[in-house]
Amino acid sequence: MNASMLSYILLSCVLLSVQAHNCQVREIIRNTKSLLNKTEESWSCRETAATPCSCLPIPEPGHELACFVEGTNHMMEHNMTTDNRLFLLNQSFQIQLDRNLCESLTSGKECKYKTKGTVKTFLEKILKTYQEIHKSRV
Amino acid sequence: VALRDVAMGMVGWGVECILFNEEYMTCTWGSGQTLTANYSLYYWYENRSPVAECKQYLWERGVRTGCRFEQSEIIQFQPFHVRVNASQDGRILEIPSNRMELQNLVKPEAPVNLTIRNMSSNQLQLTWSSPYPKAHCLEHVVKYKSNKDTSWMKQEVKGDIFSFPSVDYEKFYTFYVRSKINNYCGSTQLWSEWSVPVFWGSNTTSKGMAEEQLQWFWIHTVLIPIASCLLLLVLVVLLVRMERVWVIIMPRIPNPNKNFDDLFITHNGDFQEWVGVPKDVVESFKPNYSESICHVSELPYEPLQDSIHPPGVPGPQEHGPYKNSYVGA
């Protein structure tokens, strides 16, 4: 391994670490918007006593990340969609929660919610939360 | 006007709120056709402030048709509710609105200071600025065409620079720009108004185009009609004077007189002789018998005496007022 390759690897690591410390607001907004644009019929959500459609937590202020993690976990466990964006969102929320990457979001570790909502209302809550962060940036 | 009619009208319109450049907001529920009643607007944010009444109403023809909110009264990313009360003759009707997210109701101001620069290799660069304070929340559309195009071209632009790759120096271009809040700051379809246009093309091109248009105007409006009329006049005169041409257009009505000279002069009007009917055929049509004239008339009816027919039994003569008689050959 020569010096140029080493410097390349080091620089990549630095860039990746900077990326990992980013709140990734725009990526989350893009992925959430794409999932919202999917038709409602594509969501495998049949209303039953065991699997109600209003099943995702709509967080109270200060507990957004924890509820977003819990909600996306629930969606993946119940195979609500095969879209990979759901997995990417879940990963992003998990990382941000673990590392306190989003200063705008206070990282309460426990999900607290007053109400539960459908997939649409849950995704809209995610979208609104991150739009507010992006808009407040200088 | 019944309060029920007011309610029906309100349900049809709803309350429409727009944040103009995030400087102020108007919520309107009517227009010039708003049914006359006394309207009051109350608003609140979910989980935040208590219910408050509008401080500055909008009026139209003596009727409240909307409410204006100043910047200090606007909170985005908090569900916003509005209730309009319509009162008439002591009765009050409450008309609630849907829950609103004000960040999705922002309409930015139109872009300003449109500037065109010549770049190298026939490329133009259009730049502008926006009165909206958060440039990273905007997306834009550029609308342009040249003087030789019939329809406008539209191009979406994320930043505030638009590059026009291949410009034709013989043409004269017009550019417009408008803006909208992008998906990273809201979910809205409210575009700003189009900006004031900016033009590009040489000054002589535009002057030449104006002169050329004036020339075409004189040709189409004056010269061509006059020339057409003169040509028509010449043709008419020629037609009248040249009998050969006139006869073709207005042929003489043929006179069959000559065909019948033989009938009237030679045969003295005897059609049969002129046609050539044989004399024995002519004789055969003449009758070889004579008939005397036969007069036929009806005489008035005179009923017969009772001794001949019993009463009640009609006789053969009693079926008409006249007695039939005829004299024949």
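Quick note: structure is the one above.
Read on for a plain summary of the structure. All values derive from a computational prediction rather than experimental measurement.

1. With respect to the sheet that holds strand β12 (residues 138–146) of chain B
Residue and element names in this part refer to chain B. The sheet built from four strands is open, its strands ordered β13-β12-β15-β16 with antiparallel pairing. Edge strands, defined here as strands with exactly one partner in the open sheet, are β13 (153–157) and β16 (198–200). Geometrically, the sheet is characterised by an average inter-axis angle of 25° between neighbouring strands, direction not taken into account.

2. What about the state of the cysteines?
As used in these notes, a disulfide is a covalent bond between sulfur atoms, one from each of two cysteines. Applying the stated criterion across every chain, the model contains four disulfides over all chains. Two residues, A:C67 and A:C111, share a disulfide whose sulfurs are 2.0 Å apart. Residues A:C67 and A:C111 are joined through a disulfide that is right-handed, its torsion about the S-S bond being 100°. With A:C67 in helix α3 (residues 64–77) and A:C111 in the loop between α4 (84–99) and β2 (113–117), the pair connects residues that are 44 residues apart, well separated along the chain. For the pair A:C67 and A:C111, one class covers both residues: buried. There is a disulfide in this structure between B:C54 and B:C67, and the S-S distance comes to 1.9 Å. Classification of the bridge connecting B:C54 and B:C67 rests on its S-S torsion, roughly 100°, and on that basis the disulfide is right-handed. Here B:C67 lies in strand β6 (residues 63–70) and B:C54 lies in the loop between β4 (52–53) and β5 (57–60), a separation of 13 residues in the sequence. For the pair shown, B:C54 and B:C67 are each scored as buried. Cysteine pairing for chain B (bonded cysteines numbered in sequence order): 1-2, 3-4, 5-6.

3. Quick notes on the side chain of B:E73
Within the secondary structure, B:E73 is located in the loop between β6 and β7 (80–88). With residues near it in sequence (within four places) discarded, B:E73 still touches B:Y43, B:Y45, B:K55 and B:R68.

4. Quick look at the environment of B:L35
Relative to the helices and strands, B:L35 is located in the loop between β2 (24–28) and β3 (38–45). In the structure, B:L35 is positioned 28 residues away from B:V63 in sequence and 8.5 Å away in space, judged by C-alpha atoms.

5. So, the interface of chain B and chain A
With 17 residues of chain B at the contact, the number on the chain A side is eleven residues. Both sides of the chain B and chain A interface together cover about 1,300 Å² of buried area, and 52% of this is carbon and sulfur. When the buried area of chain B at its contact with chain A is split by residue, B:F77, B:H136 and B:Y184 rank highest and sum to 57% of it. Counting every contact that joins chain B to chain A gives two salt bridges. Taken together, the connections running from chain B to chain A amount to eleven residue pairs in polar contact (both at pLDDT 80 or more). Here the residues of the side of chain B that touches chain A are counted per class, giving seven nonpolar, seven polar and three charged.

6. Quick notes on the environment of B:I74
All names here are of chain B. Along the polypeptide, I74 turns up in the loop between β6 and β7. Classification of I74 by relative accessible area gives buried; the value is 15%. C-alpha of I74 to C-alpha of Q103: the two residues are 29 residues apart in sequence and 9.9 Å apart in space. Setting aside anything within four residues of it in sequence, one finds I74 in contact with L19, Y24, M25, Y45, F69 and L102.

Procedures and definitions
- Residues numbered from 1 in each chain as written.
- Chains lettered and ligands numbered in written order.
- Predicted model: local features only at pLDDT ≥ 70, side-chain atom pairs only at ≥ 80, totals over all residues.
- Heavy atoms only, no water.
- Pairing = 2+ DSSP bridges.
- Helix = DSSP H or I, 4+ residues; strand = E, 2+ residues; numbered from the N terminus.
- Axes fitted to C-alpha atoms, helices over the stretch in contact; angles between N-to-C directions.
- Disulfide = S-S within 2.5 Å.
- Buried < 20%, exposed > 50% of the residue type's maximum accessible area, 1.4 Å probe, protein only.
- Contact = heavy atoms within 4.5 Å.
- Buried area = accessible area lost by both parts, 1.4 Å probe.
- Salt bridge = Lys/Arg side-chain N within 4 Å of Asp/Glu carboxyl O.
- Polar contact = N/O pair within 3.5 Å; in protein donor to acceptor, adjacent residues only side chain to side chain.
- Nonpolar A, V, L, I, M, F, W, Y, C, P; charged D, E, K, R; others polar.

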